[in-house]
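# Coordinate inspection notes
One letter stands for each residue in the lines below.
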Amino acid sequence: GEDVEQSLFLSVREGDSSVINCTYTDSSSTYLYWYKQEPGAGLQLLTYIFSNMDMKQDQRLTVLLNKKDKHLSLRIADTQTGDSAIYFCAECLLGAGNNRKLIWGLGTSLAVNP
Amino acid sequence: KAGVTQTPRYLIKTRGQQVTLSCSPISGHRSVSWYQQTPGQGLQFLFEYFSETQRNKGNFPGRFSGRQFSNSRSEMNVSTLELGDSALYLCASSWDSYGYTFGSGTRLTVV
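Everything in this summary refers to the structure shown in the same document. What you are looking at is a predicted structure, and each value in this text was computed from that prediction instead of being measured. (Residues numbered from 1 in each chain as written. Chains lettered and ligands numbered in written order. Predicted model: local features only at pLDDT ≥ 70, side-chain atom pairs only at ≥ 80, totals over all residues. Heavy atoms only, no water.)

## What to know about the sheet that holds strand E8 (residues 74-78) of chain B
Residues and elements named next belong to chain B. For clarity, the threshold we go by: Each pair of strands is called paired provided DSSP finds at least two bridges between the two strands. Numbering of helices and strands starts at the N terminus; helices are DSSP runs of H or I of at least 4 residues and strands are runs of E of at least 2. Orientation is described by axes fitted as lines to C-alpha atoms, over the contacting stretch for helices, and by angles from 0 to 180 degrees between their N-to-C directions.
Pairing is antiparallel across the open sheet formed by four strands, whose spatial order is E1-E3-E8-E7. Edge positions in the sheet fall to strand E1 (5-7) and strand E7 (64-68), since each has one partner strand and no second. Geometrically, the sheet is characterised by an average inter-axis angle of 15° between neighbouring strands, direction not taken into account.

Shown next, in the form of structure tokens:
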């Protein structure tokens, strides 16, 4: 089946690291993404990782992928109040005829407390 | 480079009416995908268009349809609106699978 799960809420103190976790069920995913959504706004692509990679680092963001456990995580170092938002995990499934679709988690609401 | 533009930003319609939403992708992007976002169901894939052809379709009733023009602009149509169609409709454009750029969405309210 196609399913992506995330915990719904995370609260951290400013300056701490945040770790948002995601699990997925379809092992045929090609890419996995992390998107950020602020209130009233669309989705902003934060980072992505190819399914054949284990880790990707991009400034304060570190993505870890465990293909065996179908587990993806996003670590935000030195979390700031501006990081407060909903974070979505998504996997890209490639089907026959090169058609693609993204399967989304319900999002993790990150609250950063001063 | 201009981003993905969705119009209108807000829309209020009555049950039974129909609505058309528009999406202009980033210049050079040929893939346009549509998603419905609701608090209860999260983001649900509607369909993807590539070079004017529907490449993939989600599990929505036939009241939801779309099309893509030769300039890659896309429209989404919902006929016979129901209260449950109230949602944020997001459009995303992509050049390849590396990333999808989203517009700000159209918030549709059905009363």
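## Description of the interface of chain A and chain B
Interfaces are often sized by the amount of accessible area the parts lose when they come together. So the rule is basically this: Contacts were defined at the residue level, with two residues in contact if any of their heavy atoms lie within 4.5 Å. Once two parts are joined, some of their accessible surface, as seen by a 1.4 Å probe, is lost; buried area is that loss totalled over both. Any carboxyl oxygen of Asp or Glu that lies within 4 Å of a side-chain nitrogen of Lys or Arg is treated as forming a salt bridge with it.
Taken together, the contacts link 21 residues of chain A with 22 residues of chain B. Taken together, the two surfaces of chain A and chain B that pack against each other cover about 1,800 Å², and 51% of this comes from carbon and sulfur. A per-residue breakdown of the area chain A buries against chain B is headed by Leu 43, Arg 100 and Trp 104 of chain A, which together make up 34% of the total. For the interface between chain A and chain B, the tally reads zero salt bridges.

## A look at a nonpolar patch on the surface
The criterion, for reference: Grouping into patches uses exposed residues only, defined as over 30% relative accessible area, and leaves out salt-bridged ones; the cut-off is 9 Å for like charges and 5 Å for nonpolar side chains (Val, Leu, Ile, Met, Phe, Trp, Tyr). Note that accessible areas follow from Shrake-Rupley with a 1.4 Å probe, and for residues the cover is restricted to the protein chains shown.
The grouping of Leu 8, Phe 9 and Leu 106 of chain A at the surface amounts to a nonpolar patch, some 340 Å² of accessible area in total. As for its position among the elements, Phe 9 of chain A is in strand E2 (residues 9-13).

## Re the pairing of strand E11 (residues 106-110) of chain B
All names here are of chain B. Here is the rule: With a 1.4 Å probe rolled over the protein chains alone, any residue whose accessible area is under 20% of its type maximum counts as buried; one over 50% counts as exposed, and the rest are partly exposed.
The two faces of E11 differ: Thr 106, Leu 108 and Val 110 on one face are buried, but Arg 107 and Thr 109 on the other face are not. Pairing between strand E2 (residues 10-13) and E11: four bridges, direction parallel. Following the sheet pairing, Ile 12 is matched in E11 by Thr 109. By the bridge criterion, three bridges tie strand E9 (residues 87-94) to E11 in an arrangement that is antiparallel. Bridge pairing links Leu 88 to Arg 107 in E11.

## Section: the state of the cysteines
Selection rule: Defined by distance alone, a disulfide is two cysteine sulfur atoms within 2.5 Å.
For the coordinates displayed, the defined rule picks out two disulfides over all chains. The disulfide bridge from Cys 23 of chain B ends at Cys 91 of chain B, spanning 1.7 Å between sulfur atoms. The chirality of the disulfide connecting Cys 23 of chain B with Cys 91 of chain B is left-handed, given an S-S dihedral of about -50°. Taken together, the residues span a long stretch of sequence, with Cys 23 of chain B in strand E3 (residues 19-24) and Cys 91 of chain B in strand E9 at a distance of 68 residues. Counting only cysteine sulfurs, Cys 89 of chain A is the nearest neighbor of Cys 92 of chain A, a cysteine outside any disulfide, at a range of 12 Å. A residue is classified by how much of its surface remains accessible, and Cys 92 of chain A, at 0% relative accessible area, is buried.

## Overview of the sheet that holds strand E8 (residues 71-76) of chain A
Residues and elements named next belong to chain A. Sheet architecture is open: five strands sit in the order E1-E3-E8-E7-E6, paired in antiparallel fashion. Because the sheet does not close on itself, it has two edges, and the strands there are strand E1 (4-6) and strand E6 (55-58). Sheet twist, expressed as the mean angle between neighbouring strand axes with direction ignored, is 15°. Where strand E7 (residues 61-66) and E8 come together, six bridges link them in antiparallel fashion. Within E8, the position partnered with Leu 65 by the bridge is Leu 72.

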